Protein chains: 4
Amino acid sequence: MQLGMIGLGRMGANMVRRLMRDGHECVVFDVNPAAVKELAGEGAIGATSMEDFVSKLTKPRAAWMMVPAAVVEETLAQVAPLMEKGDMIVDGGNSYYRDDMDRAKRLEPTGVHYVDVGTSGGVWGLERGFCQMIGGPDEAVKHLDGVFASLAPKIESAPRTPGRDKVGGTAEHGYLHCGPSGAGHFVKMVHNGVEYGVMAAYAEGLNILRSANIGTKKQEVDAETTPLRDPEYYQFDLNIPDVAEVWRRGSVIGSWLLDLAAEALLEDPHLDNYEGRVSDSGEGRWTIKAAIDEGVPAHVLSSALYERFSSRGNADFADKVMSAMRYEFGGHLEKKP
Amino acid sequence: MQLGMIGLGRMGANMVRRLMRDGHECVVFDVNPAAVKELAGEGAIGATSMEDFVSKLTKPRAAWMMVPAAVVEETLAQVAPLMEKGDMIVDGGNSYYRDDMDRAKRLEPTGVHYVDVGTSGGVWGLERGFCQMIGGPDEAVKHLDGVFASLAPKIESAPRTPGRDKVGGTAEHGYLHCGPSGAGHFVKMVHNGVEYGVMAAYAEGLNILRSANIGTKKQEVDAETTPLRDPEYYQFDLNIPDVAEVWRRGSVIGSWLLDLAAEALLEDPHLDNYEGRVSDSGEGRWTIKAAIDEGVPAHVLSSALYERFSSRGNADFADKVMSAMRYEFGGHLEKKP
Amino acid sequence: MQLGMIGLGRMGANMVRRLMRDGHECVVFDVNPAAVKELAGEGAIGATSMEDFVSKLTKPRAAWMMVPAAVVEETLAQVAPLMEKGDMIVDGGNSYYRDDMDRAKRLEPTGVHYVDVGTSGGVWGLERGFCQMIGGPDEAVKHLDGVFASLAPKIESAPRTPGRDKVGGTAEHGYLHCGPSGAGHFVKMVHNGVEYGVMAAYAEGLNILRSANIGTKKQEVDAETTPLRDPEYYQFDLNIPDVAEVWRRGSVIGSWLLDLAAEALLEDPHLDNYEGRVSDSGEGRWTIKAAIDEGVPAHVLSSALYERFSSRGNADFADKVMSAMRYEFGGHLEKKP
Amino acid sequence: MQLGMIGLGRMGANMVRRLMRDGHECVVFDVNPAAVKELAGEGAIGATSMEDFVSKLTKPRAAWMMVPAAVVEETLAQVAPLMEKGDMIVDGGNSYYRDDMDRAKRLEPTGVHYVDVGTSGGVWGLERGFCQMIGGPDEAVKHLDGVFASLAPKIESAPRTPGRDKVGGTAEHGYLHCGPSGAGHFVKMVHNGVEYGVMAAYAEGLNILRSANIGTKKQEVDAETTPLRDPEYYQFDLNIPDVAEVWRRGSVIGSWLLDLAAEALLEDPHLDNYEGRVSDSGEGRWTIKAAIDEGVPAHVLSSALYERFSSRGNADFADKVMSAMRYEFGGHLEKKP
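Residues numbered from 1 in each chain as written. Chains lettered and ligands numbered in written order. Predicted model: local features only at pLDDT ≥ 70, side-chain atom pairs only at ≥ 80, totals over all residues. Heavy atoms only, no water.

(A) Molecular detail of the overall build of chain A. Of the regular secondary structure elements, chain A holds 15 helices and eight strands. Viewed in the frame of its principal axes, chain A has a C-alpha envelope of about 80 × 45 × 45 Å. The buried share of chain A, reckoned over its 337 residues, is 67%. At a minimum sequence separation of 6, the contacts of chain A that also span at least 24 residues come to 65%. When the accessible area of chain A is evaluated, it comes to approximately 11500 Å², of which 50% is carbon and sulfur surface. (Helix = DSSP H or I, 4+ residues; strand = E, 2+ residues; numbered from the N terminus. Buried < 20%, exposed > 50% of the residue type's maximum accessible area, 1.4 Å probe, protein only. Contact = heavy atoms within 4.5 Å. Areas by Shrake-Rupley, 256 points an atom, 1.4 Å probe, with all protein chains shown as cover.)

(B) Structural view of the packing of helix α13 (residues 283–294) of chain B against helix α14 (residues 299–311) of chain D. α14 of chain D packs onto α13 of chain B with a crossing angle of 45 degrees between their chain directions and a minimal axis gap of 11 Å. Classified by the angle their axes make, α13 of chain B and α14 of chain D are oblique. In this structure, α13 of chain B meets α14 of chain D at a crossing whose hand is left-handed. Where α13 of chain B abuts α14 of chain D, its residues Ile 288, Ala 291 and Ile 292 of chain B lie against Leu 305, Tyr 306 and Phe 309 of chain D. Across the contact of α13 of chain B with α14 of chain D, the residue classes break down as six nonpolar, no polar and no charged. (Axes fitted to C-alpha atoms, helices over the stretch in contact; angles between N-to-C directions. Parallel < 35°, antiparallel > 145°, perpendicular 65-115°, else oblique. Left-handed = near helix turned anticlockwise from the far one by under 90°. Nonpolar A, V, L, I, M, F, W, Y, C, P; charged D, E, K, R; others polar.)

(C) Molecular detail of the relation of the copies chain A and chain C. For the match of chain A to chain C, the screw axis carries a shift of 0.0 Å, the RMSD comes to 0.0 Å, and the turn is 180 degrees. Expressed as an axis order, the relation between the two copies is that of a two-fold axis. Scanning chain A for the C-alpha nearest the rotation axis identifies Lys 289 of chain A, at a separation of 3.1 Å. A shared interface surface links the copies, since 100% of the contact residues of chain A are contact residues in chain C too. (Least-squares fit on C-alpha atoms with pLDDT ≥ 70 in both.)

(D) Molecular detail of the interface of chain B and chain A. Facing the 94 residues of chain B at the interface are 94 residues of chain A. Taken together, the two surfaces of chain B and chain A that pack against each other cover about 7900 Å², and 67% of this comes from carbon and sulfur. Viewed at the interface, chain A and chain B are joined by six salt bridges. Between Glu 245 of chain B and Arg 164 of chain A there is a salt bridge, with the nearest N and O atoms lying 3.5 Å from each other. Remark: the boundary between chain B and chain A carries 42 residue pairs in polar contact (both at pLDDT 80 or more). With 17 residues, helix α10 (residues 183–210) of chain B is the single largest residue contributor to the side of chain B that touches chain A. Considering only residue class, the side of chain B that touches chain A consists of 51 nonpolar, 23 polar and 20 charged. (Buried area = accessible area lost by both parts, 1.4 Å probe. Salt bridge = Lys/Arg side-chain N within 4 Å of Asp/Glu carboxyl O. Polar contact = N/O pair within 3.5 Å; in protein donor to acceptor, adjacent residues only side chain to side chain.)

(E) Structural view of the pattern of salt bridges. Residue and element names in this part refer to chain C. Tallying each qualifying case throughout the model produces 84 salt bridges over all chains. Measuring nitrogen to oxygen at the nearest pair gives 3.0 Å for the salt bridge that ties Asp 280 to Arg 312. With Asp 280 in the loop between α12 (256–267) and α13 (283–294) and Arg 312 in the loop between α14 (299–311) and α15 (316–330), this pair connects stretches of sequence that are 32 residues apart. Taking the relative accessible area as the measure of exposure, Asp 280 reaches 5% and is therefore buried. What makes Arg 312 partly exposed here is its relative accessible area of 22%.

(F) Representation of the relation of the copies chain B and chain A. Between the two copies, chain B and chain A, the superposition gives an RMSD of 0.0 Å; the rotation angle is 180 degrees and the shift along the axis is 0.0 Å. Here 100% of the contact residues of chain B are again contact residues in chain A; the copies associate through an equivalent surface.

(G) Region of interest: empty space enclosed by the protein. Per the stated rule, a full pass over the model turns up eight cavities of 30 Å³ or more. The computed volume of the largest cavity comes to approximately 100 Å³. If you trace the largest cavity, you find it lined by Arg 285, Trp 286 and Lys 289 of chain A, Arg 98 and Asp 293 of chain C together with Thr 226, Pro 227, Leu 228, Arg 229, Asp 230 and Tyr 234 of chain D. (1 Å grid on protein atoms, 1.4 Å probe; cavity = no way out; pocket = protein on both sides within 12 Å on 5 of 7 lines; lining within 4 Å. Points joined across faces, edges and corners; volume = space filled by probe spheres on them.)

(H) Summary view of the side chain of Arg 103 of chain B. Residue and element names in this part refer to chain B. Here Arg 103 shows up in helix α5 (residues 97–107). Relative accessible area serves as the criterion here: at 5%, Arg 103 is assigned to the buried category. Each residue touching Arg 103, except ones within four places of it in the same chain, is listed here: Val 72, Glu 73, Leu 76, Asp 91, Ser 95 and Tyr 114.

(I) Main features of the confidence of the model for chain A. When pLDDT is averaged along chain A, the result is 95, and 98% of the positions lie at 70 or above. Per the prediction output, this complex has pTM 0.96; the corresponding ipTM is 0.96. (pLDDT = per-residue confidence, 0-100.)

(J) The sheet that holds strand β5 (residues 88–91) of chain D, seen in detail. All names here are of chain D. The mixed open sheet is built from eight strands, whose spatial order is β3-β2-β1-β4-β5-β6-β7-β8. Among the strands making up the open sheet, the edge pair consists of β3 (45–46) and β8 (175–179). In this structure, strand β6 (residues 113–120) lies alongside strand β7 (residues 131–135), joined through five bridges in antiparallel fashion. Residue pairing in the sheet places Asp 116 in a bridge with Gly 135 of β7. Each of β5, β6, β7 and β8 is contacted by helix α10 (residues 183–210), which is oriented at about 20 degrees to β6, the strand it contacts most. (Pairing = 2+ DSSP bridges.)

(K) Geometry of the sheet that holds strand β7 (residues 131–135) of chain B. Spatial ordering of the open sheet is given by β3-β2-β1-β4-β5-β6-β7-β8 (chain B), a layout of eight strands whose pairing is mixed. With partners counted over all chains shown, the strands left at the sheet margins are β3 (45–46) and β8 (175–179) of chain B, one partner each.

(L) Layout of the side chain of Asp 242 of chain B. Note on placement: Asp 242 of chain B falls in helix α11 (residues 240–246). We classify Asp 242 of chain B as buried; its relative accessible area is 16%. If sequence neighbours within four positions are ignored, Asp 242 of chain B has contacts with Arg 164, Ala 171 and Leu 176 of chain A.

(M) View of the packing of aromatic side chains. Scanning the model with the defined rule gives 53 aromatic pairs over all chains in all. Note on Tyr 234 of chain C and Phe 186 of chain D: the rings are 6.5 Å apart at their centroids and 90 degrees apart in plane angle, and the pair reads as edge-to-face. One end of the pair, Tyr 234 of chain C, is in the loop between α10 (183–210) and α11 (240–246); the other, Phe 186 of chain D, is in helix α10, on a second chain. You'll find Tyr 234 of chain C and Phe 186 of chain D in the same group, each marked buried. By the ring-pair criterion, three or more aromatic residues cluster together here, those being Tyr 96, Tyr 97, Phe 186 and Trp 286 of chain A together with Tyr 233, Tyr 234 and Phe 236 of chain B. In this structure, Arg 308 of chain A packs its charged tip against the face of Tyr 196 of chain A, placed 3.6 Å from the ring centre. (Phe/Tyr/Trp six-rings, centres within 6.5 Å; stacked < 30°, edge-to-face > 60°. Lys NZ or Arg CZ within 6 Å of the ring centre and 35° of its normal.)

(N) Structural detail: the pairing of β6 of chain D. All names here are of chain D. Within β6, eight of the eight residues are buried, leaving the element largely enclosed by the surrounding structure. Residue alternation in β6 divides its side chains into two sets, His 113, Val 115, Val 117 and Thr 119 and Tyr 114, Asp 116, Gly 118 and Ser 120, and both sets are buried. Two elements, β5 and β6, share four bridges in a ladder whose sense is parallel. Bridge pairing in β6 places Asp 91 opposite Asp 116. With respect to chirality, the unit in which β5 leads through helix α5 (residues 97–107) into the neighbouring parallel β6 is right-handed. (Right-handed = clockwise from strand over helix to strand, strands pointing away.)

(O) Local environment of the interface of chain A and chain C. Facing the 22 residues of chain A at the interface are 22 residues of chain C. Taken over both partners, the interface formed by chain A and chain C buries close to 1900 Å², and the fraction arising from carbon and sulfur atoms is 64%. The three residues of chain A that bury the most area against chain C are Lys 289, Ile 292 and Tyr 306 of chain A, which together make up 34% of that side's buried surface. The shortest N-O distance in the salt bridge between Asp 293 of chain C and Lys 289 of chain A comes to 2.5 Å. At the junction of chain A and chain C, the tally comes to eight residue pairs in polar contact (both at pLDDT 80 or more). Tallied by class, residues from the side of chain A that touches chain C come to twelve nonpolar, six polar and four charged.

If you want it as structure tokens, here you go:
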């Protein structure tokens, strides 16, 4: 079938490639003409403007936006008026699910369907396929099934869950219609919240392993510092890249994120190429807000998010408050690093 | 080669089976004669007593204890005096790494080598292989290499980490000599700490998904309760088993633990078969103690551990203290469930 | 001066009493005529309807709403149309600061000033005075200064902060104009977030003290449970009410909340009168959302909030997920309590 | 009565002064002769050596050690052999309660009593009195009652808890015999754990207040960063010193720590004199270990401790791991500050 793609960054371009591999026709547009040209060279139908893009789509038209969340609104403002009843607009980026709901409602009177698709797989999607969490009206989602199926990893990409054969559905093919508008990005949002938690679990564990030799280091002795009681039990110089590697096979904590950690650590065992300033990109924050609205505890996911905030220096004033209090009640001066 | 196995519970028995499959000779002993008989029926050499067990081992003897941490000490007290210089005792259970260090030191004068092996893989080890984290003297670890290799998953069980071919080592075969005595169980300890964190990340995320329909429920309005501001954004009835399934393919958070969650949820979508009283088994606790000794923050791993404590009712008194304070300053009475 | 009070619940009624003590004239209204009658009996001017209430106010009118957050909107809808340019409406309840900002903006064209006042002090305010955090336009806040000053605790209620005499301001009198509309409830919101954190700190500490005798209890020994290694160090039967009491004098953690805890524990040492279902009332939730928007870590305040969620059973599904995973990978059955 | 004090640092010296004010006789010793001389000048009986010190004590002798935890052991080794059956040694420092228990047991055969006293009050103790949490044998604790009473704050230092008059006991005088050896330092340990939690609660809250103007700052727009959705709601430039001050009167979160925070903030509103490297001194760590041994959740107290670790850079490697994973799966480069 045919799909139009707006936004040919790394994600959008790879989606187009994966679709073309499966024989789909792709009409492509990007504000950057060079990106259009590149994909046209690979077999896509290039468009020079939004109008041109829409005119090249066959009805019912299907336009997939793969643009930063911050520019979805203006992109939509350009494409939506060119569409007609029965056409479909997909937001495949990282939008807040509430915006999907609002946009879908706004488009409703025009008869244009709005579909929200959260995708996971990062820059690996071309090769591994894109996991897709989909929200929107049944009709449009059904129409796009061929696209979702081609973008998705194959069922063979993981061992079949016992009993799944009796249940069926697309979930085991790597895409899922989660519910009405917003449901796709809601599930993707929580997915990323979980991702933060899983990443932090590995990160903390590896940090503990890395300091397993702390007993070999000189300890301070003064009125404030408690000496390590049992330095003889902290004498291990562990090979962190090897540990990450060994956990990849047979252990309970094997995962794709661990695969990536093992890879990064093999290249750069002390991770000297990183400063440790960890970004966060919206979904992790929204996940916590949802947890709070729902009254559901989220100790781990929140901690993982806050650790990212701290990594960028945002706890500094709080730390100063604690130092100041210590000075006031105990005359404690801060120690120099 | 030959290995003696003491303790034929699920883990020990399956290790013996996996070793015999690879052609190793296994001498087996357990306090329960039926367990010995069963494995003897599968080709192992059964022993009727510890003395009989040791007498059937060829020198240098290698005895692997696969018993609960709480009975390692007495098992060791029985087997160690029967061993000689150059013999090897392996603790393959869940011992505290400090006990390994103490035991190794105790055995040193006798010339008997003590090797600690943390294994992960649970009841799946027979099929998937056992990930092994090993501590102890080089000589003994080298001698046992064939055993470790047979117990371990094969290198094919995971895609090769790019660049690993230039580094070599056993890590990518699923076993690793981590360092001197205690290093194996230290790494396994942190492994389990991470496991708790990863599990909790999924659990919290799925809980948030499950309450995504909270806006459809009746809200209380009184002086104390804040009404949900935007119930229209919490109207999703998500299919949790399907979500767990779709995440298994192509997504960033794919993992073996997720595979298991998907399996459990498919069988019992609301998990009605569980009370939610989550046990913890030592390593998670020791991991946090290590983090504290090292001065390394472990927000996520601690939260995951505490959640298990809470699940068993251990926060109750603290909760009562908070309720009592609220009553004292605001006259707030507890609401009934 | 004169103040009109709408809402004569415990908080509103006590405010009126405190104001009358200082010689202010109070016009009072409540949907419950009995509440009006009671205060009229104590010297207030009762009103029988909102119209009656407004008609009894002298210009510029000042009407203070002390009603549940959930009914502020409808109360405002009744009173605002009766007011005129230069009049003042105060929201002294627990509104979300964003609502204040929206309401102030809505009223702006009418020239009616909107003032938001977060008050702390609970049912003790009559006696101890009400700490007031105020947001709104300078003119109105200045006009109401006498009211704020009478409601506030006196400067003598706490030792003077060294250097405050050179700075002046109302803060040390127990009320503060924090900024424009919304600023009062924003500061109050964070106040309550901190309150949750402080309460949880005491609660956790007292819980740890209470279990200091855990070594005297029978420990299980099985493959999963790690026995307490040093039961001899957990043999203390501590008197929790006495501990709370002794901390009240001279210790670093003395506070009013501790005073209340000591009082509650003296009355009911095991807090058997409480179930431990701790409510939360909005501000704690909003505080975390603000922290997230600001990118500021809030580990402690979030944990304190989540503990309240957990106390009401909201972690149950997450706990079941963990139990189910444990069963899948290790065949672990849940233990019975 | 008479008391001997070993260790004339700020704490020890002020205790001596407070005791002398009440008419007690004090024999004093310190490795630094100048410290002895200073107190001798104020009326104490100076000693030139440990032998001299003990010889100047009248039987039954009472020697109070006020030295860093790290030198208690060697101090005890010097003084204990000079003591006799019925004499008393007090450890008034920050020792681990398990050391008290071990030391008491070691001294038992000699008949010398060992008493552990956790004291709180910091450098303010001279003026405010020292809150004392006491462990040890009844006989010795009773003998020292006069000393404890003089060191303690007076009952008037806080309003009486309703109902306390019927219960009596020393708790409301600011000292408490908590139980047998170790109980004093156990309670003090948890006290400090709570202290960390309370401090962090204020610190986080003030940090949230400080960033309440984040909407006035330029936001980045790119594929990774989520823009602040509602900058109009984060426009407050709050006066943090004033907020801390206003909370001191009438609010639920008034406390001595808040008094100190208000003082520090008044002197240095942005706390520019601090780097934010917060030390921790043992008790906070031990508190968490106790919680873990007891199986009691301690989310808040742990978070507070970990925040101190993070403030000193100890999360850096974990942060780098997260950055490295992000790079591997998404090609995300770290942003520059």
